[in-house]
Amino acid sequence: MSEDHTGGCLCKAVRYRITGDPNLTVACYCKQCQRASGTAFSTSAWFSEAQVEITRGGLKPYRYASDESGRWIEIKFCEICGTTILATIETAPGEVGISVGTLDHPNWLEIKEHIWTTSAHRSIAIPPDAVAFDRGPS
Ligand SMILES: [Zn+2]
Ligand SMILES: [Zn+2]
């Protein structure tokens, strides 16, 4: 049974709808995610492109290279308020990573993997029972 979920940016210009469940949910503590988000980590829920529909608003892309692999990562944010809505990565074609904090009801999903814990801010506690990786997932 598929269920729809909605989300959007801070200024409400961008809205999206997701159908079905994510393939993967990740919290990433790498330095690039810290810098891009301006906070201690990023959280993303990964769906197939066909599951995600931008229903309103304009997204601006920013592409950069991974410090670790050199492969590209592209984030897309609201062109008005700057909220990062989603990401795509070179290594997962056809997949879209939605920023979990932009979901209207983010607690419908669980963050299943914690990656790059080696660079996590020292004040951040990784849940002891979490699936965690020092660096990227194996
Ligand atoms: Zn906005
Ligand atoms: Zn990261």
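Keep in mind that what you see is a predicted model, and the values were worked out from it rather than measured. (Residues numbered from 1 in each chain as written. Chains lettered and ligands numbered in written order. Predicted model: local features only at pLDDT ≥ 70, side-chain atom pairs only at ≥ 80, totals over all residues.)

1. Details of the sheet that holds strand β5 (residues 52–56)
With antiparallel pairing, the three strands of this open sheet are ordered in space as β1-β2-β5. Every interior strand has two partners, whereas the edge strands, β1 (4–8) and β5, have only one. Strand-to-strand twist of the sheet, defined as the mean angle between neighbouring strand axes without regard to direction, takes the value 25°. Where β1 meets strand β2 (residues 15–19), five bridges bridge the pair, whose relative direction is antiparallel. Note that in β2 the partner of His5 across the bridge is Ile18. (Pairing = 2+ DSSP bridges. Helix = DSSP H or I, 4+ residues; strand = E, 2+ residues; numbered from the N terminus. Axes fitted to C-alpha atoms, helices over the stretch in contact; angles between N-to-C directions.)

2. Things to note about the sheet that holds strand β11 (residues 131–132)
Across the sheet, eight strands lie side by side as β6-β7-β8-β9-β4-β3-β10-β11; this open sheet has mixed pairing. Of all the strands in the sheet, just β6 (59–65) and β11 have a single pairing partner and so form its edges. Two strands pair when backbone bridges link them, and strand β7 (residues 72–78) and strand β8 (residues 84–89) are joined in this way by five bridges, in the antiparallel orientation. Following the sheet pairing, Ile75 is matched in β8 by Ala87.

3. Remarks on the nonpolar core
Counting 17 residues, the largest nonpolar core has Phe47, Val52, Ile85 and Ile98 as its most contacted members. Of all the elements in the fold, those that place two or more residues in this core are β2, β4 (42–48), β7, β8 and β9 (95–99). Excluding residues that lie within four positions of it along the chain, Phe47 makes contacts with Ile18, Pro22, Asn23, Val52, Val96 and Ile98. Judged by nonpolar contacts, the second largest core, of 10 residues, contains Ala27, Tyr29, Cys33 and Ala120. (Core = buried A, V, L, I, M, F, W, Y, C linked by C-beta atoms within 7 Å. Buried ≥ 20, exposed ≤ 12 C-beta atoms within 10 Å, placed from the backbone. Contact = placed C-beta atoms within 7 Å.)

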